[in-house]
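Breakdown of the fold
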Amino acid sequence: MSFDQNFMRIIIGLLLILPILGYSQTWKDWNHQGLELYNSGNYEASLEKYTLALREAEKEYGKHSDEYLTSASNIAYSYRAIGDFNNAGQHFQQVIQGVFEKKGPAHLDYAEAQENLAKLYLSAGDLDRAEQYLNSAMQSLVDIFNSNKTHYEDNIYRFSNLFITISNSRASLFNSKGQIMAAIAEMEELVQWIKGAFPDDYPQEGYYRNAIGNLSEYYLQSGKADSARPLILERLELEKALDPKSLDYLYSLQSLGSLYRIEENYDSALMVWDDLLSTIEAGSFSGTDLHLANLINKSEMAIQYQDYESAISCLGKALEIQENRIGINPKFYHPTLSNLAGAYWFAGNLAQADSIYSRLMERVIDGVVRNFTFLSDNEKRSFYADQRFYIDDYLGFALTVSDLVPLQEGPEKYINKDVSQALYDLQIMTKAIILNPSDKMGNRILNSGDESLINALNQWKALKERLAMLYGSPEANAEEIRNIEFEGEEYEKWLIRNSRNFREGFTVTRKSWRDIQKTLKPGEVAVEMVRFVDGLLYGALILTDKTIERPAMALMSSTQSRHLEREYYSFYSNAIGFKIQDTLSYEVYWKPVMEVIKDNLTKGQRLEKIYFSPEGIYNQINLNTLFIPEKGHYLIDEVEINLVSNSRDILMEHEGENRDPVNAAAIFGNPAFTLDGKKSVFPYFDDLPGTRLEILAIDNKLTGAGWNTSVFEAGSASKESLKSIENPRILHIATHGFFKDQENLGAASIINVLLNSGIALAGANNQNLMGAQDGILTAFEAINLTLDHTDLVVLSACETGLGTTHPGEGVYGLQRALRAAGARQILISLWKVDDRATQDLMSTFYDQWIKTGDTISSFREAQTMLRIKYPDPYFWGAFIVSGL
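1. Let's talk about the overall build of the protein
On a plain count of helices and strands, the protein comes out with 37 helices and 18 strands. Across the 884 residues in the protein, those meeting the buried criterion constitute 55%.

2. A look at the pairing of strand β7 (residues 640-643)
Side chains E640 and N642 project from β7 onto one buried face, and the interleaved I641 and L643 project onto a second face that is buried too. Looking at chain direction, strand β4 (residues 609-613) and β7 are connected through four bridges and run parallel. Counted as the bridge partner of F612 is L643 from β7.

3. Observations concerning the packing of helix α16 (residues 308-323) against helix α17 (residues 330-346)
Two elements in contact, α16 and α17, have axes whose closest approach is 9 Å; the angle formed by their N-to-C orientations is 150°. Seen from above, α16 lies across α17 with left-handed handedness. Of the residues in α17, those touching α16 at Y308, A311, I312, L315, A318, L319, Q322 and E323 are F332, Y333, T336, L337, N339, L340, A343, Y344 and F346.

4. Looking at the nonpolar core
Across soluble globular proteins, you tend to see nonpolar side chains buried next to one another. If you look at the biggest cluster of nonpolar residues, it comprises 97 residues, and the most contacted ones within it are V527 and W590. Considering each element in turn, this core owes the most residues, six residues, to helix α35 (residues 835-852). Non-local contacts of V527, meaning those with residues more than four positions away in its chain, are made with A540, L541, I542, W590, V593, I597, I610, Y611, F612 and S613.

5. Observations regarding unusual backbone geometry
The phi dihedral of D403 is positive, around 70°, even though this residue is not glycine. Mapped onto the elements, D403 comes out in the loop between α19 (377-402) and α20 (419-430). For N727, which is not glycine, the phi dihedral falls at a positive 55°. Looking at the element boundaries, N727 is found in the loop between α31 (719-724) and β10 (730-734).

6. A few points about the pattern of salt bridges
The final tally for this structure, using the stated rule, is 33 salt bridges. R261 is the partner of E300 in a salt bridge, and the nearest nitrogen-oxygen pair spans 2.4 Å. Here R261 lies in helix α13 (residues 247-262) and E300 lies in helix α15 (residues 289-304), a separation of 39 residues in the sequence. The class for R261 is partly exposed, based on a relative accessible area of 23%. Ionic pairing is found between R836 and D840, a salt bridge with its closest N-O pair at 3.0 Å. Placement of both R836 and D840 in helix α35 is noted, with a separation of four residues, approximately one turn of the helix. Overall, the relative accessible area of 16% leaves D840 in the buried class. Here the salt bridges do not stand alone but share partners, grouping D66, K102, K103, D109, E112 and R158 into one network.

7. Remarks on helix α14 (residues 266-282)
Its 17 residues place the ends of α14 24 Å apart at the C-alpha level, agreeing with the 24 Å of an ideal helix rising 1.5 Å per residue. When we look at burial in α14, the residues that qualify are S268, A269, V272, W273, L276, L277 and I280. The buried side chains of α14 occupy one side of the element, clustering within an arc of 165° when seen end-on. Residues of α14 that are exposed and angled more than 90 degrees away from the buried face: D267, M271 and A282. Contacts from the buried residues of α14 go to α13 and α15.

8. Examining helix α28 (residues 591-599)
Along α28, the positions that sit buried rather than exposed are V593, M594, V596 and I597. Buried residues of α28, viewed axially, fall in a sector of 165°; they line one side. Where α28 is buried, its residues touch β1 (524-532), β2 (537-543), β3 (552-557), α27 (585-589) and β4.

9. A look at the packing of aromatic side chains
Taken as a whole and assessed by the stated rule, the structure comprises 28 aromatic pairs. Ring centres of Y308 and F346 lie 5.8 Å apart, and the angle between their planes is 45°; on these two criteria the pair is classed as tilted. Residue Y308 is found in helix α16, and its partner F346 is found in helix α17; the two are separated by 38 residues along the sequence. Judged by its relative accessible area of 19%, Y308 is buried.

10. Details of empty space enclosed by the protein
For the structure shown, the criterion picks out three cavities of 30 Å³ or more. A volume near 180 Å³ is recorded for the largest cavity. Surrounding the largest cavity, 15 residues form its lining, N622, N624, I641, I880 and V881 being those nearest its centre. Listed by contribution, the elements that provide at least two residues to the lining of the largest cavity are β7, α36 (855-869) and β18 (879-882). With four residues, the single largest contributor to the lining of the largest cavity is α36. Taken together, the residues of the lining of the largest cavity break down into 10 nonpolar, four polar and one charged. Empty space within the second largest cavity amounts to approximately 40 Å³. L722, L731, I733, I759, L777, L785, V793, L795, L814 and L818 are the residues that line the second largest cavity. Of all the secondary-structure elements, those providing two or more residues to the lining of the second largest cavity are β10, β14 (792-796) and α34 (814-820). Each residue belonging to the lining of the second largest cavity can be placed in one class, and the counts come to 10 nonpolar, no polar and no charged.

11. Quick word on the packing of α35 against α36
In the contact formed by α35 and α36, the axes pass within 8 Å of each other and the chain directions differ by 140°. One finds that α35 runs oblique with respect to α36. Between α35 and α36 lies a crossing of right-handed hand. Along the contact surface, α35 presents A837, D840, L841, T844, F845, Q848, W849 and T852, while α36 presents T855, S857, S858, F859, E861, A862, Q863, M865, L866 and K869. Taken together, the residues of the contact of α35 with α36 sort by class into eight nonpolar, seven polar and three charged.

12. Some words on the environment of P629
Here P629 shows up in the loop between β5 (627-628) and β6 (633-634). It is 5.8 Å that separates the C-alpha atoms of P629 and T583, two residues lying 46 residues apart in sequence. The contact partners of P629, leaving out residues within four places of it in the chain, are T583, Y586 and E587.

13. Observations regarding the side chain of D872
Considering the arrangement of structural elements, one finds D872 in the loop between α36 and α37 (873-876). Put simply, D872 is tucked away with no salt bridge, and the nearest opposite charge, on K579, sits 6.3 Å away. Discounting chain neighbours no more than four positions away, the residues touching D872 are I576 and K579.

14. Concerning the environment of L643
With respect to the helices and strands, L643 occurs in strand β7. What makes L643 buried here is its relative accessible area of 17%. Each C-alpha atom, one on L643 and one on I610, is 8.4 Å from the other, the two residues being 33 residues apart in sequence. Discounting residues that sit within four places of it in the chain, L643 has contacts with F612, P614, I880, V881, S882 and G883.

15. Comments concerning the environment of Y202
Position of Y202 relative to the elements: it lies in the loop between α10 (180-197) and α11 (206-221). When neighbours within four sequence positions are excluded, Y202 is seen to be in contact with I194, K195 and Y208.

Rules behind the numbers
- Residues numbered from 1 in each chain as written.
- Predicted model: local features only at pLDDT ≥ 70, side-chain atom pairs only at ≥ 80, totals over all residues.
- Heavy atoms only, no water.
- Helix = DSSP H or I, 4+ residues; strand = E, 2+ residues; numbered from the N terminus.
- Buried < 20%, exposed > 50% of the residue type's maximum accessible area, 1.4 Å probe, protein only.
- Pairing = 2+ DSSP bridges.
- Axes fitted to C-alpha atoms, helices over the stretch in contact; angles between N-to-C directions.
- Left-handed = near helix turned anticlockwise from the far one by under 90°.
- Contact = heavy atoms within 4.5 Å.
- Core = buried A, V, L, I, M, F, W, Y, C linked by side-chain atoms within 4.5 Å.
- Salt bridge = Lys/Arg side-chain N within 4 Å of Asp/Glu carboxyl O.
- Expected span 1.5 Å × (residues − 1).
- Arc of directions from axis to C-beta.
- Phe/Tyr/Trp six-rings, centres within 6.5 Å; stacked < 30°, edge-to-face > 60°.
- 1 Å grid on protein atoms, 1.4 Å probe; cavity = no way out; pocket = protein on both sides within 12 Å on 5 of 7 lines; lining within 4 Å.
- Points joined across faces, edges and corners; volume = space filled by probe spheres on them.
- Nonpolar A, V, L, I, M, F, W, Y, C, P; charged D, E, K, R; others polar.
- Parallel < 35°, antiparallel > 145°, perpendicular 65-115°, else oblique.
- Lys, Arg positive; Asp, Glu negative; His and termini not counted.

Written as structure tokens, this is what we have:
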């Protein structure tokens, strides 16, 4: 090798070494580079720089240094931005642990780390853990303010900013639970707080601009465009003046497009979103949440204009972005799948739509299983209302591809016979899952000896009692109600988290139609009803021991002139009330079901029992009373029908519950509706002297069989007496029932429905005595009765089985409330009853029940015997037994 060649080797080697020697990167250098890349939206590149910064921080400062913890936080931010929730969570947890060990919980770094992890769980749709960390972050601020004054005074500005961030996240949590009004209230208070905290320069504060941006989004979601408009325009002007290329300015444009859309200024909305999408895709914000939101919004506009090709293109991009992330955010994923499935459906590609809908329903069920355990009843209602939109959309599609009705045109129809499997699983995982029996776990807590759990349980029950009284009082203070509601929910959620026994009362476990089908014996059938197209059609999903491949399906249809829920039901109801032979209702409501059942029984097998889970109008029909014209008898003569709120209840029966019953009964009847001879309400409840004979006869039968009985009549048949009883094996109440129908039932009005159904007790005509002695027990109050070990509640009263029907949730009324209180079976009425016939029915029923202990067979026998004297269904068909 020549001298020149050796010299060149040396020079090249030096050139390779010199940059490393001369420009060695410090922690600050790597961290600064990562920050610049992150702020420009280049999250993967920022992750590389932050990782190098972490290594340098460990070398320069050590693992317990602020620099190391800062780098770990920054890495977590980058992972979160690219959707890798698992790695982000690990790094945030690392920061929380490091800060706790170094600085303790009363430090802003600790509060900030908790809030960061809470936001991560929000993005992942894990609402319970998000709430836990948000509460912990807020508690840290309280601890700092109370016990670390120096730290607080030295960092007032940062303290304020962190308080703002946590409040924003709390509002986002409310929104994720479907509690949009709570989110709005949180943000309205926050905006006012920011203005008070920064009176001179709040418009320049990024937190203020973000707060009004979030508030305007919540206003738009709730349809309050007039409230959103000034905030959107204010933010747009502020962000544009600061930096028209910033992500915050682009978000404000997104909100402007949403405002135009709500105001039905569609061309302007589309123009804004088109320009915004071009800017995003040409810059460094491609693949961000803003990009996703814009693609979804533009797709919805395209569907509205029937431009399905463009919609599919936008949603395909949105889906690709999300599925390239490791973590999935339901906030974007659910609407992406829903819109994409709808676009394929409307475009005629039903096979592709079916595939997308299947994924969506799987996510909906997963969300219920994951979140329902840790939500309060109020939060469950809001969360479920949000999911119901996707469910109803899918039901319409499932009907289309089931081939039960000719909804497809053309020679190449897409039929999916297996859609019945998806429908059945969807029903049993989402139907009647609100107002589950939580009090059933109360005795387990009381017997545990854990004072903290017992105290929390008693406090929770006391708050529910207080709420029941306030809801019924016209003089109640709205703010006091809100405060007690909030406090009650906090106790409930604490109990769920801290008591395994209590939590079991709320846990939603994954089940399938196959689990139910395997429990059915030969001759047994499970029927799960589904309501389609606003009640125009009803489907029956049918399981027998023979339906191994998939549930069978039957369809009941309205006609052009008669609706199943109106004209046909009026005919059924009038025929019952006027005692007319009904030769139509069986053909309309049940014959298609029976035909499919018989086709799916083993040849020669006799039909023995039907487990029936009603939906919609079927909650108001007693199937036993349907007359079969060609056979000249009623359905009760052919098969035993067991009513269940959800056919998964069959699994609970087979799993078995050890109640260890004690033969004790509480018997109420002949209440003194008017106390002291003074009536203060109208209409009045008339006296029921006949019920005295009924309850005395029942008392004699039970005591003769060795039972311990407590009889409450006249003034002692009071609400206070009823609320004081604990776990009788039988609770019998003979009195007046009442129900006021509520239309347009929404998630927030379920409480109103429960307040408008109930029973009258002593003092009911003196309702000015608000409180424990007002004489009216509403369904809302009945939830709090202690019936954990009660086998049977008999409501010998008129219309106690009625309530307001909510799609997918069944009937809200006394029946549902008593089940929530723990009662296993309930005997209730669907229409006004004849006093004498009811006395005979109850007398015969108890004779049979004392012998067998089987409620359903005993009551069926009592109905059969009553028919000899009173052959018309009006007399013997008013009552039904609900539960197994």
